[in-house]
2 protein chains.
Amino acid sequence: MAHSFKIFLFFTLSIIPFSYQIQHPLDSLTPNEFIEVQAIFNQSYATSNHNITFQYVGLEEPNKQAVISWLENYFTTPPPRQAFVIARINHKTHEIIIDLWRKRIISDRIYNGYGYPLLTFEEQNAAKQLLFKYAPFLASISKRGLKIEEVVCASFTVGWYGEKKKDGRIVKVMCYYLDGTVNLYMRPIEAITVTVDLEEMKIIHFQDRLMIPVPKAAGTDYRESEQSPPFGPPLKRITVVQPDGPSFSIDGNRVRWANWDFHLSFDSRVGPIISLASVYDTEKQKFRRVMYRGFLSELFVPYMDLTEEWYHRTFFDAGEYGYGLCAVRLEPLRDCPANAVFMGGFVAGQDGMPIEMPKVFCIFERNAGDVMWRHTETEIPEVLVTEVRPDVSLIVRMVSTVGNYDYINDWEFKQIGSIKVTVGLSGLLEVRGSKYTHKDQINEEVYGTLLAENTIGAHHDHFLTYYLDLDVDGDSNSFVKSKLQTTRVTDQSSPRKSYWKVVSTTAKTESDAKIKLGLEAADLLVVNPNKKTKMGNLVGYRLIPGSVAGPLLTDDDYPQIRGAFTKYNVWVTPYNKSEKWAGGLYTDQSRGDDTLATWSSRYSLIKVYFYIFHFALVGIIIMLIIGLIYRNRRIENKDIVLWYTMGIHHVPYQEDFPLMPTISTGFELRPANFFQFNPVLKVKAPNDVKWPNCSISGNA
Amino acid sequence: MAHSFKIFLFFTLSIIPFSYQIQHPLDSLTPNEFIEVQAIFNQSYATSNHNITFQYVGLEEPNKQAVISWLENYFTTPPPRQAFVIARINHKTHEIIIDLWRKRIISDRIYNGYGYPLLTFEEQNAAKQLLFKYAPFLASISKRGLKIEEVVCASFTVGWYGEKKKDGRIVKVMCYYLDGTVNLYMRPIEAITVTVDLEEMKIIHFQDRLMIPVPKAAGTDYRESEQSPPFGPPLKRITVVQPDGPSFSIDGNRVRWANWDFHLSFDSRVGPIISLASVYDTEKQKFRRVMYRGFLSELFVPYMDLTEEWYHRTFFDAGEYGYGLCAVRLEPLRDCPANAVFMGGFVAGQDGMPIEMPKVFCIFERNAGDVMWRHTETEIPEVLVTEVRPDVSLIVRMVSTVGNYDYINDWEFKQIGSIKVTVGLSGLLEVRGSKYTHKDQINEEVYGTLLAENTIGAHHDHFLTYYLDLDVDGDSNSFVKSKLQTTRVTDQSSPRKSYWKVVSTTAKTESDAKIKLGLEAADLLVVNPNKKTKMGNLVGYRLIPGSVAGPLLTDDDYPQIRGAFTKYNVWVTPYNKSEKWAGGLYTDQSRGDDTLATWSSRYSLIKVYFYIFHFALVGIIIMLIIGLIYRNRRIENKDIVLWYTMGIHHVPYQEDFPLMPTISTGFELRPANFFQFNPVLKVKAPNDVKWPNCSISGNA
């Protein structure tokens, strides 16, 4: 993108980099903007006479074309800064758009459909507090001989299991026991379920089913301070050193490194959003567009335990809890290496006021000792050629800790032009308290692995669905499936009897682009049908999946209806500003009537229709409307969005107790005939750092 | 293994660490031993009156039980040092075992079956030289207007395409053109095929089919010195620093790092061999066995081009060319980071004398900025817990450059107890010269991608088959498939309609353990059925595959008969010292009668039998004998070997021209109920290195 350099100059010359005229239209709301939003909001809805909670406040994404054209000429006015607010006002869900320049609400509509907005921390905390004043709960705790001051509770979304009438905004609260550990998740207090109405903020149901021993504290604490010998062999000090500082620059939210230029913003629902990722083409001497916007759209985590306290644990971490809301402060030298630079973010509290999230991102150059490319040539008489380029890449990291689980999210930018996404899963398992202390005692389905005495690690899945609005060298792209097809040699033309050939088909409609990975050998490409290389190949990017997993729940099971977007690993939709949330905008208690599957697939549409049918007239109406608007839309040579779902089936093992070693999965978007030739052919290795002349002090 | 510490002391106290009494029985042959082998050999076969070439000289692997018992009591005599030699003596293949202590040949048998041993560099070079004195070839070169002094040739194995009679040891020689580049592989001189008999060392067939333009040199040279601007943006200096030195120790060929202890040796056929890998169990206070021996058994690379000069390009890089023989000297600070330690190896030349291979391995601690485990606990009132352990692992690296391709081979040892194998593919594509200069001109099957003018990158596969003799906590192991099975809820016991449960089955015989990955969700485990955790779970290790690919050739195609072992990603066989080579001991011109598939599978046996049937009585006899000895053997609670094949289908893209950016694949062996709990729970983060106090000189 030619604009990039211009803006670069502009930014660097600019004295007041955050003045409106150069505020990037995709920047997250600033603290001042959050405050303004709340002020403007209060003009219409004074808290004095309204019951108000801010469930979501974020940037109202500006019109894509307006952003692009502003970037092409940054002296024109950028698209207006607007905020998108989802608030509960007097127990109704309002979608409000606020214009921050004109300082007024420009749209305010009430949502009456299925599902509810993100939960706030404040209401979840309030819900938990109720238990400590609730006699039956206190009785249950003392009945178990537990100390109430050692009890910690957590709130769980309730999902949807075919109920016809709406339950209102409720959560189930379940509790854990500390008493000698900080690892509360390894000490569940089973069988007590408290249901709280978040609107009334009162307990509407209490159940204490039976007595199950609370797993013991011994061996559960993971703090270094609490460990006792024998310890493992220690490692000597090791660090990364960049004597001349990092090779990247950060101007506001724009990051430039090597041949990459992108915009990084933070959102309370999704966490990191990568926008306007462009790669510099050394040969063409310009930046070329790769991805307009990429983020984690939804994270579906269904557990496989059918017991009363567990069956509903089928979480949508982004849509229910807020993947960004759950982001944690990164630990320097631990979460990120010594050469990392940290960035903060802001979210709105329940009252709409900004809350700072320090060190929510780290950005660093990864120097893992990998080889970017190499060759040793020994065939040439009297000449030995050895050329090697070590690999250095750029990582943008955020860790989201959704209750027990820690998700380490990396966006990696490689000099070869690849964007790689890796997610590492660590943290604490959700375990169920059990009477069992040895596997031999178990003669029933316990839905998990006995990890320790009275401790069963429940089977579960993680499905991470990414929204990838690729704009390969421009907006108009197509999705191409290059199938590797076994072909028999029928004539006597060759001593061979077979080979494989590439049969490429361009997806005309959404249904052509739905793919379950692992069934056939194929390269999956997003190409620009209007741009060719000198050789005549369409410029493109290729999706290289990592480990592949698909859902194992039946299509008609309620969690799977809500998570129907996981049925295919790959979907392609025409760009539509309103289609961002694979699980729907209102995921809490959603009924699957607003998912990627319903937008994208007539089949799913009818399926969901069918299940909704039994339950609500409004369901039918909604489905019909959606059905009329969307029906297997055309996606050829259009502005398209690639949706990719990666999954992990998690059978816990004892190594996951009391805390899980990281397990990772990911995918890569790699240039495929995007460049005329190897884009790193001319990349020189960084100069060497003389070694071991480095004298370093430490805290050894 | 309790011995480990004993030996550690012994080694460290030992003044003469390489004296026989403590020479490790699995050490590669020393230079002196190579010399001895040759001397002993010459007593029986004096070169004066014999035509002799050494095709392979390596360690005759000692009896496994003898090694184990020696390790359990290192004061006893170790198993005898023996060498295994495959030599051509007067045009016959001899398998000779030489006892290095008794200094004599103890076994000498002539092999008359199908297939021939590894090619030597010397004979391949001699074959190439023939062309430069061969008039018809010189004529063809000048006919093309090429300068003979710029021509470089390479030798290609011929495979087997159903010929009934044996062809003898032949190679096809094809040539390339330099003249302004070192990237000979981008300048094939097509259509000229010269067939050389290696025994007679003479040209037995010459063909010049047609005139095809040689792709031009411009843009093909990859040397930094030859690049011209515009260059990409440079990166600042970056390095890894270990102020206290590395955390690993190397005694002879034994490597100890963190909780790992293993033996590393070098072999001309396979490259690195990892032996006796044991992991220290902090809780049990002892080393526990994980893998007796692991190495790359075969690397099958079939090309998909049926043209006269290409159809036979279906290489078995380990068995035909020698994966270790093709190992290259690693470039410090490029192939391996600043903290790497290098090791050399030795191979035998064609005359049997040792040839040093310096810097053939590097060993270094990988500090990629990853997180080994973490959790942030925010649920506890007034307490914020953040515990993070950065990940540091140990890498053993070798690069094998088999002609055009560079394979970067990493064995990674992780503190969590995992062994991870990663192979990166870089180097140069095999391209075919072509008349085409633009895709639009192409109306026929060209078997590849037009990468540059007159340059077609041929479609091909890489299948890497690993021999993994796991001994999980002892010799007797079983292979368990834990299938994740969708289960419907038929009663009203739960609002859920489905879940998945784990259905584990133990493979009784080889045929139970053959698995094509990607078809169903399952955890694959090697367990010790005689060892349980306190909780009653079988101790085990789990195979975590990376990207999955299987063969696309038809079963009856000749290359696929030879490469039938790739048909399943996973095979399990009972340990048998003689079964090491998935493609057979004699892979050059093999006919698939001695592959993993034939040993392991009755089905494949009959299939191969069927194809052999047409061709040779000896085939039938061999198959019958094999058939009688092996038939779907029992593998439950036995010393078993896990064979894992990972594959890459390679459709070239322009980014692969003129040199390929690395693309990687791999797999992980991860503890699964092997430990009582998270083995890195107590691992402390290495002490911090104060930063940026580091003052470093450089060559910037």
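Reading the values: the criteria
Residues numbered from 1 in each chain as written. Chains lettered and ligands numbered in written order. Predicted model: local features only at pLDDT ≥ 70, side-chain atom pairs only at ≥ 80, totals over all residues. Heavy atoms only, no water. UniProt positions renumbered as here; feature names shortened; annotations may be inferred. Helix = DSSP H or I, 4+ residues; strand = E, 2+ residues; numbered from the N terminus. Rg over C-alpha atoms; globule rule 2.2 N^0.38 Å. Buried < 20%, exposed > 50% of the residue type's maximum accessible area, 1.4 Å probe, protein only. Contact = heavy atoms within 4.5 Å. Areas by Shrake-Rupley, 256 points an atom, 1.4 Å probe, with all protein chains shown as cover. Lys, Arg positive; Asp, Glu negative; His and termini not counted. Charge placed at Lys NZ, Arg CZ, Asp CG, Glu CD. Buried area = accessible area lost by both parts, 1.4 Å probe. Salt bridge = Lys/Arg side-chain N within 4 Å of Asp/Glu carboxyl O. Polar contact = N/O pair within 3.5 Å; in protein donor to acceptor, adjacent residues only side chain to side chain. Nonpolar A, V, L, I, M, F, W, Y, C, P; charged D, E, K, R; others polar. Least-squares fit on C-alpha atoms with pLDDT ≥ 70 in both. Domains from an automatic or database assignment. Phe/Tyr/Trp six-rings, centres within 6.5 Å; stacked < 30°, edge-to-face > 60°. Lys NZ or Arg CZ within 6 Å of the ring centre and 35° of its normal. Pairing = 2+ DSSP bridges. Axes fitted to C-alpha atoms, helices over the stretch in contact; angles between N-to-C directions. Arc of directions from axis to C-beta. Core = buried A, V, L, I, M, F, W, Y, C linked by side-chain atoms within 4.5 Å. Disulfide = S-S within 2.5 Å. pLDDT = per-residue confidence, 0-100.

Per an unreviewed UniProt entry, the recorded name for chain A is Amine oxidase, and the organism is Durio zibethinus. Its UniProt record gives chain A the following Sequence similarities (unreviewed entry) comment, quoted word for word: "Belongs to the copper/topaquinone oxidase family."

Counting its secondary structure elements, chain A contains 10 helices and 33 strands. Its C-alpha atoms give chain A a radius of gyration of 27 Å, near enough to 27 Å, the size a compact globule of 700 residues would have. By the burial criterion, 66% of the 700 residues in chain A qualify as buried. The long-range share in chain A, meaning contacts at least 24 apart out of those at least 6 apart in sequence, stands at 68%. Accessible surface computed for chain A: about 23200 Å², of which carbon and sulfur atoms make up 54%. When the 75 basic and 78 acidic side-chain charges of chain A are each reduced to a single mean position, those positions are 5 Å apart.

What follows is about the interface of chain B and chain A. Each partner contributes residues to the interface: chain B has 178 residues there, and chain A has 178 residues. Each partner contributes to the roughly 16400 Å² buried at the junction of chain B and chain A, and carbon and sulfur atoms together form 57% of this total. Among the residues chain B hides against chain A, the three largest losses belong to Leu235(B), Arg496(B) and Trp500(B). Together they make up 5% of the total. Inspection of the region where chain B meets chain A yields 20 salt bridges. The shortest N-O distance in the salt bridge between Asp406(B) and Arg374(A) comes to 2.6 Å. The tally of links from chain B across to chain A stands at 81 residue pairs in polar contact (both at pLDDT 80 or more). Class assignment of the residues belonging to the side of chain B that touches chain A gives a composition of 85 nonpolar, 50 polar and 43 charged.

The two copies are related by a screw operation: chain B maps onto chain A through 180 degrees of rotation and 0.0 Å of translation along the axis, at an RMSD of 0.0 Å. The symmetry that links the two subunits is that of a two-fold axis. Of all interface residues in chain B, 100% are interface residues in chain A too; the two copies therefore contact each other through one and the same surface.

All names here are of chain A. For chain A, the assigned domains are domain 1 (31-111), domain 2 (121-223) and domain 3 (253-446 + 465-672). Each of domain 1 and domain 3 has a C-alpha centre, and the two are 28 Å apart. Each side of the interface is counted separately: domain 1 has 21 residues, and domain 3 has 25 residues. Taken over both partners, the interface formed by domain 1 and domain 3 buries close to 2100 Å², and the fraction arising from carbon and sulfur atoms is 59%. By the criterion of area lost to domain 3, the three top residues of domain 1 are Phe 34, Glu 61 and Lys 64, representing 35% of everything that side buries. For the pair domain 1 and domain 3, the interface holds six salt bridges.

Tallied over the entire structure, the rule returns 70 aromatic pairs over all chains. Relative to Phe315(A), the ring of Phe156(A) has its centre 6.0 Å away and its plane inclined at 40 degrees; by these criteria the two rings are tilted. You can see Phe156(A) sitting in strand 5 (residues 151-157) and its partner Phe315(A) sitting in strand 15 (residues 314-316), a full 159 residues away along the chain. For Phe315(A), a relative accessible area of 6% puts it in the buried group. Relative to Tyr447(B), the ring of Tyr499(A) has its centre 5.4 Å away and its plane inclined at 80 degrees; by these criteria the two rings are edge-to-face. Remark: Tyr447(B) occurs in the loop between strand 23 (431-433) and strand 24 (448-452) and Tyr499(A) occurs in strand 28 (residues 498-506); the pair is interchain, linking two chains. Judged on exposure class, the residue Tyr499(A) and its partner Tyr447(B) are both buried. A connected cluster of aromatic rings, assembled from ring pairs, spans Phe156(A), Tyr303(A), Trp310(A), Phe315(A) and Tyr321(A). Taking NZ or CZ as reference, Arg313(A) lies 3.8 Å from the ring centre of Trp310(A), over its face. Its end group placed over the ring of Phe674(B), Arg288(B) keeps NZ or CZ at 3.8 Å from the ring centre.

Attention now moves to the sheet that holds strand 2 (residues 82-89) of chain B. Residues and elements named next belong to chain B. Spatial ordering of the open sheet is given by 1-2-3-4, a layout of four strands whose pairing is antiparallel. The two strands at the open ends of the sheet, each matched to only one other strand, are strand 1 (52-59) and strand 4 (104-111). For this sheet the average axis-to-axis angle between neighbouring strands, irrespective of direction, equals 20 degrees. For strand 1 and strand 2, the ladder comprises seven bridges, and the chain directions are antiparallel.

To continue, consider the pairing of strand 17 (residues 354-366) of chain A. Residue and element names in this part refer to chain A. As paired elements, strand 16 (residues 341-348) and strand 17 share seven bridges and run antiparallel to each other. Note that in strand 17 the partner of Ala 348 across the bridge is Pro 354. Hairpin connection from strand 16 to strand 17: five residues lie between these consecutive antiparallel strands, with Gly 352 at a positive phi of about 90 degrees. Here strand 17 runs beside strand 20 (residues 393-402); their pairing, made up of five bridges, is antiparallel. Looking at the pairing, Arg 366 lines up with Ser 393 of strand 20.

Here we come to the UniProt feature "active site" (unreviewed entry) in chain A. Residues and elements named next belong to chain A. The feature "active site" (unreviewed entry), as given by UniProt, occupies Asp 317 and Tyr 405 in the numbering adopted here. Across 89 residues of sequence, these annotated residues stay compact in space, with a maximum C-alpha separation of 10.3 Å. Among all residues touching Asp 317, those that are not within four sequence positions of it are Glu 298, Leu 299, Val 301, Gly 322, Tyr 323, Val 402 and Tyr 407. Within the fold, Tyr 405 resides in strand 21 (residues 405-414).

Opposite charge on two side chains permits them to pair, given that their charged atoms come into close proximity. Overall, the coordinates contain 110 salt bridges over all chains when judged by the stated rule. The partner of Glu379(B) in a salt bridge is Lys128(A), with the nearest N and O atoms 2.8 Å apart. Remark: Lys128(A) occurs in helix 4 (residues 121-131) and Glu379(B) occurs in the loop between strand 18 (371-377) and strand 19 (385-390); the pair is interchain, linking two chains. Among the residues examined, Lys128(A) registers a relative accessible area of 9% and is labelled buried. Across the salt bridge formed by Arg542(A) and Asp523(A), the nearest N and O atoms sit 3.5 Å from each other. Linking Arg542(A) in strand 30 (residues 538-545) with Asp523(A) in strand 29 (residues 522-532), this pair joins segments that are 19 residues apart in sequence.

An α-helical turn contains 3.6 residues, so a residue and the one three or four places further along point in the same direction. Residue and element names in this part refer to chain B. By the burial criterion, the buried members of helix 3 (residues 64-72) are Lys 64, Val 67, Ile 68, Trp 70 and Leu 71. Down the axis, helix 3 shows its buried residues gathered within 165 degrees of arc, on one side only. Two or three places before Gln 65, at the start of helix 3, stands the capping residue Asn 63, its side-chain oxygen 2.8 Å from that residue's backbone nitrogen.

Moving on, we get to the nonpolar core. Counting 124 residues, the largest nonpolar core has Trp411(B), Phe413(B), Tyr466(B) and Phe479(B) as its most contacted members. Among the elements that line this core, the one with the most residues is strand 6 (residues 170-177) of chain B, at six residues. Dropping the residues within four chain positions of it, Phe413(B) is found in contact with Trp257(B), Trp260(B), Phe262(B), Ile274(B), Ala277(B), Ser393(B), Leu394(B), Val396(B), Ser418(B) and Ile419(B). In terms of nonpolar packing, the next biggest core, distinct from the first, is built from 123 residues, Val347(A), Ala452(A), Tyr541(A) and Ile416(B) among them.

The next point concerns the state of the cysteines. All names here are of chain A. For the structure on display, the rule yields four disulfides over all chains. A disulfide bridge connects Cys 336 with Cys 362, and the sulfur atoms are separated by 2.1 Å. Because the sign of the S-S torsion sets the handedness, a value of about -90 degrees for the bond joining Cys 336 and Cys 362 places this disulfide among the left-handed ones. Of this pair, Cys 336 sits in the loop between helix 6 (317-321) and strand 16 while Cys 362 sits in strand 17, and the two are 26 residues apart along the sequence. Of the two residues, Cys 336 and Cys 362, neither departs from the other in class, the shared state being buried.

The subject of this paragraph is the side chain of Asp469(A). Note that Asp469(A) resides in strand 26 (residues 460-470). Setting aside chain neighbours within four positions, we find Asp469(A) in contact with Lys64(A), Met291(A), Tyr292(A), Arg293(A), Tyr575(A), Asp639(A), Ile640(A) and Val641(A).

Moving on: the sheet that holds strand 3 (residues 92-99) of chain A. Residues and elements named next belong to chain A. Taken in spatial order, the four strands line up as 1-2-3-4 in an open sheet, and their pairing is antiparallel. Bordering the open sheet on either side are strand 1 (52-59) and strand 4 (104-111), each of which pairs with just one other strand. Taking the axes of each pair of neighbouring strands and ignoring which way they run, one obtains an average angle of 20 degrees across the sheet.

This brings us to the environment of Pro230(B). Note on placement: Pro230(B) falls in the loop between strand 8 (202-208) and strand 9 (239-241). For Pro230(B), a relative accessible area of 29% gives the class partly exposed. Other than its neighbours up to four places away in sequence, Pro230(B) contacts Thr282(A), Gln285(A) and Lys682(A).

All names here are of chain A. Scored by pLDDT, chain A has a mean of 92; 91% of the residues are at 70 or more. Across residues 696-700 the pLDDT falls below 50, and counting only partners more than four positions away or on other chains, this stretch makes 19 contacts in the model. Both confidence scores are given for the complex: pTM 0.94, ipTM 0.93.

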